Amino acid sequence: MSWLDGAHGRLALLRSRKDADERFASEIRFHIDMETARLQREEGIESGEARRRALVAFGGVERHKEALRQGRGLRWLGGMSLDFRLGFRMLVKYPGLTIVGGLAMAFGIWVGAVTFELATLVAHPTLPLPGGDRVVLLRNWDASASREEPRALNDFLGWRQTLKSVTDVGAYRDVSLNLTSPDGDVRTAATAEITANAFRIAPTAPLMGRVLVPDDERAGAPPVVVLGYDVWRTRFGSDSHVVGRTVPLGETYATVVGVMPKGFGFPVSHELWTPFRPELYDQAPRAGPPIAIFGRLAPGVTLESARAELTALGQRAARDRPITHEHLQPQVGRYAYQFYEPGLSERATMFAINGFAIMLIVLVCSNVALLLFARAATRESELTVRSALGASRGRIVLQLFTEALVLGGVATAVGLAAARFGLSRWGEEFLRVNTGRLPFWFNPHLSPATVLYAIGLAVLGAAIAGVMPALKVTRGLGARLRQGTAGGGLRFGGVWTAVIITQVAATVAFPAIVMLEQRELVRIRSLDVGFAADEYLAAGLEVDVPADSATARVQSARLGASLEEMRRRVAAEPGVVGVTFADRLPRMGHPERRIEMDGSTLREVAMASIDPSYFEVLGAPILAGRSFNTGDLVPDGRAVIVDRGFVDQVLAGRNAIGRRFRFEVNPQSDQRAAEEPRPWYEIVGVVKELGMGGATERGRASGVYFPAALGSSSEAQMIVHGRGDPTTLGPRVRAIASAVDPTLRVADVQRLDKVTDPILWAIALWLRLTVLLTAIALLLSLAGIYAVLSFTVARRTREIGVRVALGASRRRVVTAIFRRPLTQVGLGVVAGTVLIAAGTVAVSGWVPDQGIDLGAAGLSLGQVALLMAYSVLMLGVCLLACVVPTRRALRVEPTEALRTE
Amino acid sequence: MLRRAQTDALRGSLDLLVFKTLSLEPMHGWGISQRVQQISDGVLEVNQGSLYPALQRLEKSGLVASDWGTSDNNRRARYYRLTASGRRALNAELESWRRFSAGLEAVLSTA
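Observations concerning the overall build of chain B
Line of reasoning, step 1. Helix and strand counts for chain B come out as 4 helices and 3 strands.
Line of reasoning, step 2. When the helices and strands of chain B are placed in sequence order, the string is α-β-α-α-β-β-α.
Line of reasoning, step 3. Put simply, chain B has 111 residues, and 41% of those count as buried.
Line of reasoning, step 4. Across chain B, contacts joining residues at least 24 apart in sequence account for 44% of those joining residues at least 6 apart.
Line of reasoning, step 5. Put simply, chain B shows about 6,600 Å² of open surface, and 55% of that area lies on carbon and sulfur atoms.

Listed below in structure tokens is the structure:
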């Protein structure tokens, strides 16, 4: 009750300054009147004297009023609220400045918020699970090979029994399984064979049915599967009766027992969950399938103490089982960091990225400061009057800061809305292109921290945009006041000149970046792969790699047979011209290694393993020597075919046929590999260049083709040459694959010319960003030039009037006005051109020494000419900003001009 | 130090007198000041205006509340009244005052 009383009392008093003032004034009036009446009545004093005595007894009305006001507190807030109101009025009164300045600040805040969000996401990932920061990942580190030993089933079973500091120890095996939907469509789904306690680590109620339970893991339990939301929606048409159905999954059938809600992807980004049954696998130490092990820190246990326990366990294992465990070190780490443990350099990068965003804000806001300075300068008389009425310099600075803060507030709202839109639209895709598989906890959205950060940026921006001009405007305000003139004291000094020149330079330089990006886009799009890629369909085919070599041989033979069968059946489809296989597709980027030729030349070459029919299906004639034949497929076959890039760059155009090379010793590999025999390969043929370089690589690759038997690798790319649109063959390829071998997984069915699409997407995104940046810079420079010039003209009205009155020609007047902005814009254009030139040289410098002409990396002559034309255009556009103020100046009537003082 | 103690004491006693006055009936500012002067018999020499900041302070802390009303001579006046927590504060103040004066009395009578 007392709290309520207090709150009520405070509220009533705070409601409005004006109301409270009036109320106490009325009370005091009443008091004085009553006291006057009492004195008249009781002591018989006449009314004038009675009032005087009453006032004396009251003791200074104004003093008590002031005491009352102070007692209410938050006095400065009253002033602030006035400033805020004034700030909003300014937004409406100067719409041009609001739009330009606000847009620029909003852009800065947008960039800042998005970078901060993404950087935080990568640098400090958090698991969106209850107690997510206590979920850990366990693994064995092979210290001798410096890599993880994922075959840890034996250790998992042991740790599950013995570990005290980690509870709910579970494991999953990452598999891709073919799931057949009711309409017969077969597609691969990322499946986690996972222990049931995963659903205790990530406790999520299923949308339907149930999650996996320990009973599912017992030997002989019926096979079950839990569906992910997207699989359920797209593959089963959101069937509400899906629970209980039996679906073909991999090599068996499984009963659907549940459907998980949207967004559930534990352990990483999985869409199907099946029980993990350790008894199905080889449980010997360092054998069995690769698995990942997770758990939760026991209550009260720190990561350090868990580490200590695992280290102790590891030492014991190394002692007890030296053959397998001598070099194994069990490790425990935070689950969210499993894909990316930011080191010192990564943290530095994150700082640098955020630092760049902050610099952008500072730059943008210095420009806005220029505009606000021009505005403040036009309000100089208002500020002078305020100062004369007793406002301190700090008070006036606070007022201008508040005005900038209002602008910043509006900009923050716009910037954050745009960031929200951008993140939800492109954030995930951007991360996926850059990191590959996207774990479920990488969910880019506006976090509260990001919003706070954006507000911080806005305050920083307002401080720059508001305080800087305010300090400049208020400097010497008192002196000006004494001089009694309200003008002539302010000028645009060197700082603002520098700001304008920088802006113009940026406006000139940014289009060069746009052009470079555009050029890269066009280059990648128009890359000549040496054959009509749009007539070909590519499909990735893969099977699981068995852990032990004996099974692997069987599997390899089986895969070979399956692929052979697929070749036969797909080739028999109507509209199919030819079918072939390779390990990678043209323009995908191929593995590279250094070779030594007969002499001692060491060159980096790109390698591809292909089916002997590859060149024939791609329609690439053999330029010299012979093509591959089945005889080359023997295990110790040493015949290779090279492309023209190899001949030109490695052999300097000399005859290739019969030349031999072998791989260089890999300095990174350990002792055993170094002692391996390094066979000599013989070049038997030369073929034209068929896209052996990656899309973003510049220059020509030196390609070497090795013949490979079908099934020699666990994954292969099938390339189908079709008549007409090859994408129509896609569904047939999938159907044939599942008919031939249910374990054969089909991924990435795409037209062969679409391989570079993700890269093109990313470049296009950057392109759009740069265009936006350019537009903002252009807008800011124009507004800045316009503002400064109008200000100058307004200042020089009298001078212009006098000149015109004394008979100066219009041209002279215009020249006098234009000289300064012309110089500034000119300097800016020159600075921008120098920037482009420097950038071009720098870009050219990046290209490795592969005999490429420098011009290819930078800009062509035509583009330089285009940029020059653009610079001239910029000059014109900037001068356009001068037109309005100049016309205003020329319209000045001499008499009027002389009267202004 | 001394000044501070005096002011505190003064403020405390002014609060107490206001409470005491308002515990009888709601009253406007002038009425309270008349009453305070009567009760204290002129001992508490404060100028009348000081009353209003005090009232504002008490209102802010929720011990008194105020509403517009009509005075005896038919004028609009702000009437103050004691809230429930004000009443409790009065009792506590009275209690401690009594204890204090009783203690003082005992010391003075034995001395």
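There's plenty left to go through after this.
Remarks on the overall build of chain A
Line of reasoning, step 1. For chain A, the helix and strand inventory stands at 28 helices and 22 strands.
Line of reasoning, step 2. When burial is assessed residue by residue, chain A has 48% of its 901 residues classed as buried.
Line of reasoning, step 3. Residue pairs at least 24 apart in sequence account for 80% of intrachain contacts in chain A once pairs closer than 6 positions are excluded.
Line of reasoning, step 4. On chain A, roughly 43,400 Å² of surface is accessible, and the fraction owed to carbon and sulfur atoms is 59%.

Examining a nonpolar patch on the surface
Residue and element names in this part refer to chain A.
Line of reasoning, step 1. Judged by side-chain polarity, Tyr 786, Leu 880, Val 883 and Val 884 come together as a nonpolar surface patch covering roughly 340 Å² of accessible area.
Line of reasoning, step 2. Among the elements that line the nonpolar patch, the one with the most residues is helix α27 (residues 861-890), at 3 residues.
Line of reasoning, step 3. Mapped onto the secondary structure, Val 883 falls in helix α27.
Line of reasoning, step 4. When its relative accessible area of 35% is taken as the criterion, Val 883 is described as partly exposed.

Re the packing of helix α6 (residues 95-123) of chain A against helix α15 (residues 448-474) of chain A
All names here are of chain A.
Line of reasoning, step 1. Between α6 and α15, whose axes approach to 9 Å, the crossing angle comes to 145 degrees. In this structure, α6 meets α15 at a crossing whose hand is right-handed. Across the interface between the two elements, Met 105, Ile 109, Gly 112, Ala 113, Phe 116 and Glu 117 from α6 touch Ala 449, Thr 450, Tyr 453, Ala 454, Leu 457, Ala 458, Gly 461 and Ala 462 from α15.
Line of reasoning, step 2. Counted by class, the contact of α6 with α15 contains 10 nonpolar, 3 polar and 1 charged residues.

Comments concerning unusual backbone geometry
Residues and elements named next belong to chain A.
Line of reasoning, step 1. Cis peptide bonds are those with omega within 30 degrees of zero, and the linkage from Phe 266 to Pro 267 qualifies with 5 degrees.
Line of reasoning, step 2. Within the secondary structure layout, Pro 267 lies in the loop between β8 (252-259) and β9 (272-275).
Line of reasoning, step 3. Non-glycine residue Ala 652 carries a positive phi angle of around 55 degrees.
Line of reasoning, step 4. Given the relative accessible area of 56%, Ala 652 is considered exposed.

What to know about the interface of chain A and chain B
Line of reasoning, step 1. Taken together, the contacts link 25 residues of chain A with 29 residues of chain B.
Line of reasoning, step 2. Around 2,500 Å² of area is buried between chain A and chain B when both sides are counted, 57% of it from carbon and sulfur atoms.
Line of reasoning, step 3. If you sort the residues of chain A by the area they bury against chain B, A:Arg23, A:Phe30 and A:His31 come out on top, with a joint share of 25%.
Line of reasoning, step 4. Summed over the shared surface of chain A and chain B, the result is 2 salt bridges.
Line of reasoning, step 5. Between chain A and chain B we count 13 residue pairs in polar contact (both at pLDDT 80 or more) in total.
Line of reasoning, step 6. Counting residues per element, the ones that place at least two in the side of chain A that touches chain B are α1 (2-14), α2 (17-43), α3 (47-58) and α4 (61-72) of chain A.
Line of reasoning, step 7. When residues of the side of chain A that touches chain B are assigned to their parent elements, the largest contribution, 10 residues, is made by α2(A).
Line of reasoning, step 8. For the side of chain A that touches chain B, a count of residues per class yields 8 nonpolar, 8 polar and 9 charged.

Quick look at the pattern of salt bridges
Close approach of charged atoms allows side chains of opposite charge to pair.
Line of reasoning, step 1. Taken as a whole and assessed by the stated rule, the structure comprises 34 salt bridges over all chains.
Line of reasoning, step 2. A salt bridge links B:Arg75 to A:Asp33; the shortest N-O distance between them is 2.6 Å. Of this pair, B:Arg75 sits in the loop between β2 (64-70) and β3 (76-82) while A:Asp33 is found in helix α2, placing the two residues in two different chains.
Line of reasoning, step 3. For B:Arg75, a relative accessible area of 29% puts it in the partly exposed group.
Line of reasoning, step 4. For A:Glu42, the salt bridge identified is with A:Arg38, shortest N-O distance 2.9 Å.

Observations regarding the packing of aromatic side chains
Geometry of an aromatic ring pair is reported as the spacing of the ring centres plus the angle between the planes.
Line of reasoning, step 1. In the structure shown here, the tally under the stated rule is 25 aromatic pairs over all chains.
Line of reasoning, step 2. Relative to A:Tyr705, the ring of A:Tyr614 lies with its centre 5.9 Å away and its plane at 40 degrees, an arrangement referred to as tilted. Here the residue A:Tyr614 occupies a position in helix α19 (residues 614-617), and A:Tyr705 occupies one in strand β20 (residues 703-707), the gap between them amounting to 91 residues.
Line of reasoning, step 3. Ring pairs connect the aromatic residues A:Tyr172, A:Phe266, A:Phe294, A:Tyr335, A:Phe440 and A:Trp441, which therefore count as one cluster.
Line of reasoning, step 4. The aromatic ring of B:Trp68 is capped on one face by B:Arg76, whose charged end is 3.7 Å from the ring centroid.

Regarding the side chain of A:Thr402
Line of reasoning, step 1. With respect to the secondary-structure elements, A:Thr402 resides in helix α14 (residues 393-435).
Line of reasoning, step 2. Side-chain polar atoms of A:Thr402 contact the backbone oxygen of A:Leu398, separated by 2.6 Å.

Comments concerning the pairing of strand β1 (residues 135-142) of chain A
Residues and elements named next belong to chain A.
Line of reasoning, step 1. The element β1 is largely enclosed, with a buried count of 6 among its 8 residues.
Line of reasoning, step 2. Bridging between β1 and strand β10 (residues 292-297) involves 4 bridges; their strand directions are antiparallel. Within β10, the residue paired with Val 135 across the bridge is Arg 296.
Line of reasoning, step 3. Across 7 bridges, β1 lies against strand β11 (residues 328-334) in antiparallel orientation. Each bridged residue has a counterpart across the sheet, and for Arg 139 the counterpart in β11 is Gln 331.
Line of reasoning, step 4. Both β1 and strand β2 (residues 147-149) contribute to a ladder of 3 bridges, which runs antiparallel. Among the inter-strand pairings, Asn 140 is bridged to a residue of β2, identified as Glu 149.

Remarks on the confidence of the model for chain A
Residue and element names in this part refer to chain A.
Line of reasoning, step 1. Model confidence for chain A is summarised by a mean pLDDT of 80, while 87% of its residues fall at 70 or above.
Line of reasoning, step 2. Averaged over each element, pLDDT in chain A is lowest for helix α26 (residues 854-857) (42) and highest for strand β6 (residues 224-227) (94).
Line of reasoning, step 3. With pLDDT under 50 throughout, residues 846-857 is counted as low confidence; its partners more than four residues away or in other chains account for 15 contacts.

Quick notes on helix α13 (residues 380-388) of chain A
Line of reasoning, step 1. Taken residue by residue, α13(A) has A:Glu380, A:Leu383, A:Thr384 and A:Ser387 as its buried positions. Projected down its long axis, α13(A) carries its buried residues within an arc of 100 degrees, all on one side.

Details of the sheet that holds β2(B)
Strands in a sheet are paired, the pairing made by backbone hydrogen bonds, and the direction either parallel or antiparallel.
Residues and elements named next belong to chain B.
Line of reasoning, step 1. Pairing in this open sheet of 3 strands is antiparallel, and the strands run β1-β3-β2 from one edge to the other. Each having just a single partner strand, β1 (27-28) and β2 make up the two edges of the open sheet.
Line of reasoning, step 2. Of the strands in this sheet, β2 and β3 are in contact with helix α3 (residues 51-60), which crosses β2 at around 120 degrees.

As for the packing of helix α2 (residues 29-40) of chain B against α3(B)
All names here are of chain B.
Line of reasoning, step 1. Contact geometry of α2 with α3 gives a least axis separation of 11 Å together with a crossing angle of 110 degrees. Here α2 lies roughly perpendicular to α3, going by the angle between them. Seen along the crossing, α2 lies across α3 with a hand that is right-handed. Between α2 and α3, the residues in contact are Gly 29, Trp 30, Ile 32 and Ser 33 and Leu 51, Tyr 52 and Leu 55, respectively.
Line of reasoning, step 2. Looking at the contact of α2 with α3, its residues break down into 5 nonpolar, 2 polar and no charged.

Observations regarding the side chain of B:Thr83
Line of reasoning, step 1. Among the secondary structure elements, B:Thr83 is positioned in the loop between β3 and α4 (84-110).
Line of reasoning, step 2. A polar atom in the side chain of B:Thr83 sits 2.7 Å from the backbone oxygen of B:Gly62.

Some details on the nonpolar core
Residue and element names in this part refer to chain A.
Line of reasoning, step 1. Residues Ile 194, Phe 199, Phe 266, Trp 273 and Tyr 335 are the most contacted members of the largest nonpolar core, which totals 81 residues.
Line of reasoning, step 2. When residues in this core are grouped by element, the largest group, 17 residues, is from α6.
Line of reasoning, step 3. The next biggest cluster of nonpolar side chains, apart from the first, holds 36 residues, and it includes Met 515, Val 829, Ile 836 and Leu 867.

The rules behind these values
Residues numbered from 1 in each chain as written. Chains lettered and ligands numbered in written order. Predicted model: local features only at pLDDT ≥ 70, side-chain atom pairs only at ≥ 80, totals over all residues. Heavy atoms only, no water. Helix = DSSP H or I, 4+ residues; strand = E, 2+ residues; numbered from the N terminus. Buried < 20%, exposed > 50% of the residue type's maximum accessible area, 1.4 Å probe, protein only. Contact = heavy atoms within 4.5 Å. Areas by Shrake-Rupley, 256 points an atom, 1.4 Å probe, with all protein chains shown as cover. Patch = residues over 30% accessible without salt bridge, like charges linked within 9 Å, V, L, I, M, F, W, Y side chains within 5 Å. Salt bridge = Lys/Arg side-chain N within 4 Å of Asp/Glu carboxyl O. Axes fitted to C-alpha atoms, helices over the stretch in contact; angles between N-to-C directions. Left-handed = near helix turned anticlockwise from the far one by under 90°. Nonpolar A, V, L, I, M, F, W, Y, C, P; charged D, E, K, R; others polar. Buried area = accessible area lost by both parts, 1.4 Å probe. Polar contact = N/O pair within 3.5 Å; in protein donor to acceptor, adjacent residues only side chain to side chain. Phe/Tyr/Trp six-rings, centres within 6.5 Å; stacked < 30°, edge-to-face > 60°. Lys NZ or Arg CZ within 6 Å of the ring centre and 35° of its normal. Pairing = 2+ DSSP bridges. pLDDT = per-residue confidence, 0-100. Arc of directions from axis to C-beta. Parallel < 35°, antiparallel > 145°, perpendicular 65-115°, else oblique. Core = buried A, V, L, I, M, F, W, Y, C linked by side-chain atoms within 4.5 Å.

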